[in-house]
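# Structural overview for review
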Amino acid sequence: MTADRVDDVAPDYDEIPDAIVVVGADGLVVTCNAATRRVLGAGVDEMIGLPLADALPLSDAAGRDWWQVTNPFGGLSTRTRQVERVLQLPDGRYVLATASYVRASRGAPVDRVVICLRGTEARDRAEREHADLIATVAHELRSPLTGIKGFTATLLAKWDRFSEDQRRLMLEAVDSDADRLTRLIAELLDVARIDAGRLELRRVPTDLSGLVRKRVEARVVAGVDASRFALNASEDLPEVWVDPDKMGQVLDNLIENALRHGDGTITLTVRQDPDGLVMSVADQGPGIPPGRAHRIFGRFWKGSDRGGTGLGLYVVNGIVEGHGGRIALVPPPEGGARFVVVLPIGDPVAELSVGDTDPAD
Ligand SMILES: Nc1ncnc2c1ncn2[C@@H]1O[C@H](COP(=O)(O)OP(=O)(O)OP(=O)(O)O)[C@@H](O)[C@H]1O
Ligand SMILES: [Mg+2]
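Residues numbered from 1 in each chain as written. Chains lettered and ligands numbered in written order. Predicted model: local features only at pLDDT ≥ 70, side-chain atom pairs only at ≥ 80, totals over all residues.

For the rest of this paragraph, the subject is the site of ligand 1. Taken together, the neighbourhood of ligand 1 is formed by 23 residues, with Asn257, Gly303, Gly308, Gly312 and Leu313 sitting nearest. Residue composition of the shell around ligand 1, grouped by class: nine nonpolar, twelve polar and two charged. (Near = placed C-beta within 6 Å. Nonpolar A, V, L, I, M, F, W, Y, C, P; charged D, E, K, R; others polar.)

Below you can see the structure in the form of structure tokens.
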């Protein structure tokens, strides 16, 4: 009965998404599956009975015939498989190939070779994205460095020719470029932690309305006109388990975006709804065109040239999700941009750790 059931669920070769080619002890193709047509352009009709080298004319990076290099039916009698290799088809396309050398017993001659092939598109795409990311990071790091180098080189070469005020101006420019670099590196580290799923959150019960008020006050102290802000935060809300530094970073980013990319009054709201605590930051600027809304939370996506690296909202999204919350762009009907963050109120992790506490301490 068990065997029947295994038969019922055992996948047909044709259900396997990779191309499978089985070669018998005589070196001729015994069978292949449906995906072979997609990957190799030839199916069962053309493949069965062909010698391995004709059915799969694969070559390695040096252009050598792969079957001569590996000699699947000869070679070491202990070989059981071929690890994944990138090989090339005669039409120039690349495939990822693995093979099993099936033997009746250890050391016996090879009974059949089962070869598995898949296209390299997904891997190529991942590699391209990785290379793009490195290029973008290098580019973003280079622009502030170019500024720093320009001013320091000029000052060193012509120190005496500049007045005290001119030197101060140049040093201030160097100082602000160095700040930009520091901010950028901090953002990149956050991005790396988010991507690796290693964002550390030190959650404590936090008064979200108080946090919003403090972040706004910090902006006013830093010189932004207090009349730019409208605060609409209820006082008697439950505390929420968040990392206050990280949630402050979320607010700083959203406020900075409203100031830099938006316009008019910036309205900050905190209220409770059945899903949790809802915090929103809205401005009266041009907003984000609907066609671009899905891209704003991506890495390095910039909609304008008003400074910035396009990492802010990516980090914001990562921090909010790390708290089990959600962030969305919900433009108000009257126009402008509005970002809405929903945070769960309870903290299951904290409730767990209470039970986990060692009674000895
Ligand atoms: N309040 C807003 N109004 C209009 N456009 C916005 C607003 N907030 C964000 N955007 C658009 O979304 C893009 C991405 O924002 P994000 O915060 O990720 O990057 P940035 O502000 O350009 O740079 P960074 O935050 O890394 O310094 C911005 O470049 C901008 O075009
Ligand atoms: Mg930003």
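All right, on to the nonpolar core then. By size, the foremost hydrophobic cluster in this structure holds 36 residues, and its most contacted members are Val212, Val250, Leu254, Val281 and Val316. Setting aside anything within four residues of it in sequence, one finds Val281 in contact with Leu254, Ile255, Ala258, Ile266, Leu268 and Phe339. Counting residues in hydrophobic clusters, the runner-up holds 25 residues, among them Cys32, Ala35, Val39 and Val113. (Core = buried A, V, L, I, M, F, W, Y, C linked by C-beta atoms within 7 Å. Buried ≥ 20, exposed ≤ 12 C-beta atoms within 10 Å, placed from the backbone. Contact = placed C-beta atoms within 7 Å.)

Before going further, it helps to spend a moment on the packing of helix 6 (residues 121-158) against helix 7 (residues 164-195). Two elements in contact, helix 6 and helix 7, have axes whose closest approach is 9 Å; the angle formed by their N-to-C orientations is 160°. Judged on the interaxial angle alone, helix 7 and helix 6 are roughly antiparallel. Crossing angle aside, the handedness with which helix 6 passes helix 7 is left-handed. On helix 7, the residues that touch Val137, Glu140, Leu141, Pro144, Leu145, Gly147, Ile148, Phe151, Thr152, Thr154 and Leu155 of helix 6 are Arg167, Met170, Ala173, Val174, Asp177, Ala178, Arg180, Leu181, Leu184 and Leu188. Classifying every residue of the contact of helix 6 with helix 7 gives 14 nonpolar, three polar and four charged. (Axes fitted to C-alpha atoms, helices over the stretch in contact; angles between N-to-C directions. Helix = DSSP H or I, 4+ residues; strand = E, 2+ residues; numbered from the N terminus. Parallel < 35°, antiparallel > 145°, perpendicular 65-115°, else oblique. Left-handed = near helix turned anticlockwise from the far one by under 90°.)

What follows is about the environment of Val330. Within the element layout of this structure, Val330 appears in the loop between strand 11 (326-329) and strand 12 (338-343). Separated by 58 residues in sequence, Val330 and Gln272 place their C-alpha atoms 17 Å apart. The residues contacting Val330, other than those within four sequence positions of it, are Arg338 and Val340.

Let us look at unusual backbone geometry. The phi angle at Asn71 is positive, at roughly 50°, despite the residue not being glycine. Here Asn71 shows up in the loop between helix 5 (66-70) and strand 3 (81-88). If you check the backbone angles, Phe300 has positive phi at about 65° while not being a glycine. With respect to the helices and strands, the residue Phe300 is situated in the loop between strand 10 (276-282) and helix 10 (312-322). What makes Phe300 partly exposed here is the crowd of 15 C-beta atoms within 10 Å.

A sheet is described by the order of its strands in space; here five strands give the open sequence 7-9-10-12-11, paired in mixed fashion. Where the open sheet ends on each side, the last strands, each with one partner, are strand 7 (229-233) and strand 11. Averaged over all adjacent pairs, the angle separating strand axes in this sheet is 15°, with direction ignored. By the bridge criterion, four bridges tie strand 11 to strand 12 in an arrangement that is antiparallel. Looking across to strand 12, one finds that Ala328 is bridged to Val340. Strand contacts of helix 8 (residues 208-221): strand 7, strand 9 (266-273) and strand 10, with the helix running at about 170° to strand 7, the strand carrying the most contacts. Contacts between helix 9 (residues 244-260) and the sheet are confined to strand 9, strand 10 and strand 12, with strand 10 contributing the most and set at about 25° to the helix. (Pairing = 2+ DSSP bridges.)

Limitation: the analysis is restricted to geometry and does not speak to function.
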